[in-house]
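Close look at the chain arrangement
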Amino acid sequence: MSRKILITYATKAGSTKKVAARMAELASQHGFSADLLPVSAVKSIDSYDTVVLGSAVRMGRVLPEAQSFVEKNQAGLKQKEFDTFALCMTLSTVNEENLKKSNAFLDPIKMVVEPAHAAVFPGEINLKSLGWLDRKIIGMVKSQVGDFQDWIAMETWMESVLQSDSPSVRA
Ligand SMILES: Cc1cc2nc3c(=O)[nH]c(=O)nc-3n(C[C@H](O)[C@H](O)[C@H](O)COP(=O)(O)O)c2cc1C
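Here the residue numbering is sequential within each chain, running from 1 through the sequence in written order. Where local features are concerned, this predicted model is filtered to residues with pLDDT of at least 70; where side-chain atom pairs are given and counted, the filter is 80 or more; whole-chain, interface and lining totals use all residues.

**So, the overall build of the protein chain**
Only DSSP runs of H or I reaching four residues or more are called helices, and only runs of E reaching two or more are called strands; each is numbered from the N terminus. A count of helices and strands for the protein chain gives 8 helices and 8 strands. Radius of gyration: C-alpha atoms only; globule rule: 2.2 Å multiplied by the number of residues to the exponent 0.38. In summary, the protein chain has a C-alpha radius of gyration of 16 Å against a globular reference of 16 Å for 171 residues, a match within 12%. Expressed as lengths along the three principal axes of its C-alpha atoms, the size of the protein chain is roughly 50 × 30 × 30 Å. For the purpose of contact definition, each residue receives a C-beta atom placed from its backbone, and two residues are in contact when these atoms lie within 7 Å. Partitioning the contacts of the protein chain with sequence separation of at least 6, the portion at a separation of at least 24 is 77%.

**Concerning the nonpolar core**
Side chains of nonpolar character tend, in soluble globular proteins, to be buried together. Here, a nonpolar core means buried Ala, Val, Leu, Ile, Met, Phe, Trp, Tyr and Cys residues linked by C-beta atoms lying within 7 Å of one another. The exposure label follows from counting other C-beta atoms within 10 Å of a residue's C-beta, where the C-beta atoms are placed from the backbone and the thresholds are 20 or more for buried and 12 or fewer for exposed, leaving partly exposed in between. Grouped together as the largest cluster of nonpolar side chains are 43 residues, with contacts concentrated most on Ile-7, Ala-86 and Val-120. Taken together, the elements giving at least two residues each to this core come down to β1 (4-10), α1 (15-29), β2 (33-38), β3 (50-58), α2 (64-72), β5 (81-88), β6 (117-122) and α7 (151-164). Among all residues touching Ala-86, those that are not within four sequence positions of it are Gly-54, Ser-55, Val-57, Val-62, Phe-105, Leu-106 and Val-120.

**Considerations on α2**
Looking at α2, one finds that the buried residues are Ala-66, Phe-69 and Val-70. Buried residues of α2, seen end-on, are gathered within an arc of 95° and therefore sit on one face of the element. Among the structural elements, β1, β3, β4 (61-62), α3 (74-78) and α5 (107-110) are those in contact with the buried residues of α2. In this description, one arc is meant: the one made by directions from the helix axis to the C-beta atoms.

**Some thoughts on unusual backbone geometry**
With phi around 50°, Met-59 is a residue other than glycine that occupies positive phi space. Topologically, Met-59 is positioned in the loop between β3 and β4. A tally of 7 C-beta atoms within 10 Å means that Met-59 is categorised as exposed. The phi torsion at Lys-142 lies on the positive side, around 55°, for a residue other than glycine. Along the chain, Lys-142 falls in the loop between α6 (132-140) and β8 (146-147). Its 7 C-beta neighbours within 10 Å are what place Lys-142 among the exposed residues.

**Some points on the environment of Asp-46**
Among the structural elements, Asp-46 can be located in the loop between β2 and β3. Separated by 26 residues in the primary sequence, Asp-46 and Lys-72 have C-alpha atoms spaced 13 Å apart.

**Overview of the environment of Tyr-48**
The topology assignment puts Tyr-48 in the loop between β2 and β3. Given 24 C-beta atoms within 10 Å, Tyr-48 falls into the buried group. Between the C-alpha atoms of Tyr-48 and Glu-97, which are 49 residues apart in sequence, the distance is 36 Å. Not counting residues up to four positions away in its chain, the partners in contact with Tyr-48 are Lys-4, Ile-5, Leu-6 and Lys-80.

**Some thoughts on the pairing of β3**
Here β3 lies mainly inside the structure; 8 of its 9 residues are buried. In the sheet, β1 pairs with β3 via 6 bridges, with the strands oriented parallel. The residue of β3 that forms the bridge with Ala-10 is Ser-55. As judged from the 7 bridges shared by β3 and β5, these two strands associate in the parallel manner. In the strand pairing of β5, Thr-50 is matched with Glu-81. Two strands pair under a simple rule: DSSP has to find at least two bridges between them. Inspection of the sheet shows β3 paired to β4 by 2 bridges, in the antiparallel sense. Residue Arg-58 lies in a different strand from β4, and its bridge partner there is Arg-61.

**Details of the packing of α1 against α7**
Working convention: axes come from line fits to C-alpha atoms, limited for helices to the stretch in contact. Angles between N-to-C directions cover 0 to 180 degrees. Interaxial distance between α1 and α7 falls to 10 Å at its minimum, and their mutual angle equals 45°. If you check the angle between α1 and α7, you find them oblique. In the packing of α1 onto α7, the handedness of the crossing is right-handed. Residue-level contacts link Val-19, Arg-22, Met-23, Leu-26 and Ala-27 of α1 to Met-154, Glu-155, Met-158, Glu-159 and Leu-162 of α7. We call Asp, Glu, Lys and Arg charged. Ala, Val, Leu, Ile, Met, Phe, Trp, Tyr, Cys and Pro are nonpolar, and the rest, Gly among them, are polar. Broken down by class, the residue content of the contact of α1 with α7 amounts to 7 nonpolar, no polar and 3 charged. By definition in this entry, angles of less than 35 degrees are roughly parallel, angles greater than 145 are roughly antiparallel, angles of 65 to 115 are roughly perpendicular, and the rest are oblique. For any pair of crossing helices, the crossing counts as left-handed if the nearer helix is rotated counterclockwise from the farther one by less than a right angle, and right-handed if it is rotated clockwise.

Structure below.
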């Protein structure tokens, strides 16, 4: 029987959903039985061997629903392979300070359940997909705008998640 993987995500403007969808596609190509769901639609994680959680970062934090998902499912996640990633704009410029700052975005999740793999990637801001308040915030904090996603880095990370969770590696 193929291994079951849940790719679940919390998004505001859609970029994390697109990344999660690509990860689910890769998992299927590797022979996993993959489900793709927003965290709000996950009823139970019991049937999965692996759970991958992705979240957007806003105002210095992963989205509250991503954090709640980990807290609510803490016991179950500790019994499985759990991996997590986040998208942020801090990494639109890569330097030591920004790497340190962005890695810390996942600390509140790591404090609840230690993931096997965790990574933060540069994301995307498309002003057309934001409401007026978000556009105002982006203007006020003078954030970079545009698509900084590194698909090769994200796919490589997912490949390593899938490889470490293959039955031959686990046995
Ligand atoms: C209102 C707003 C606040 C944001 N706050 C942060 C932040 O504090 N730190 C950061 O690195 N990126 C921040 N970002 C960038 C997002 O994390 C990035 O655009 C990500 O790709 C969004 O994911 P989503 O499209 O799935 O919502 C912010 C973006 C918006 C629109």
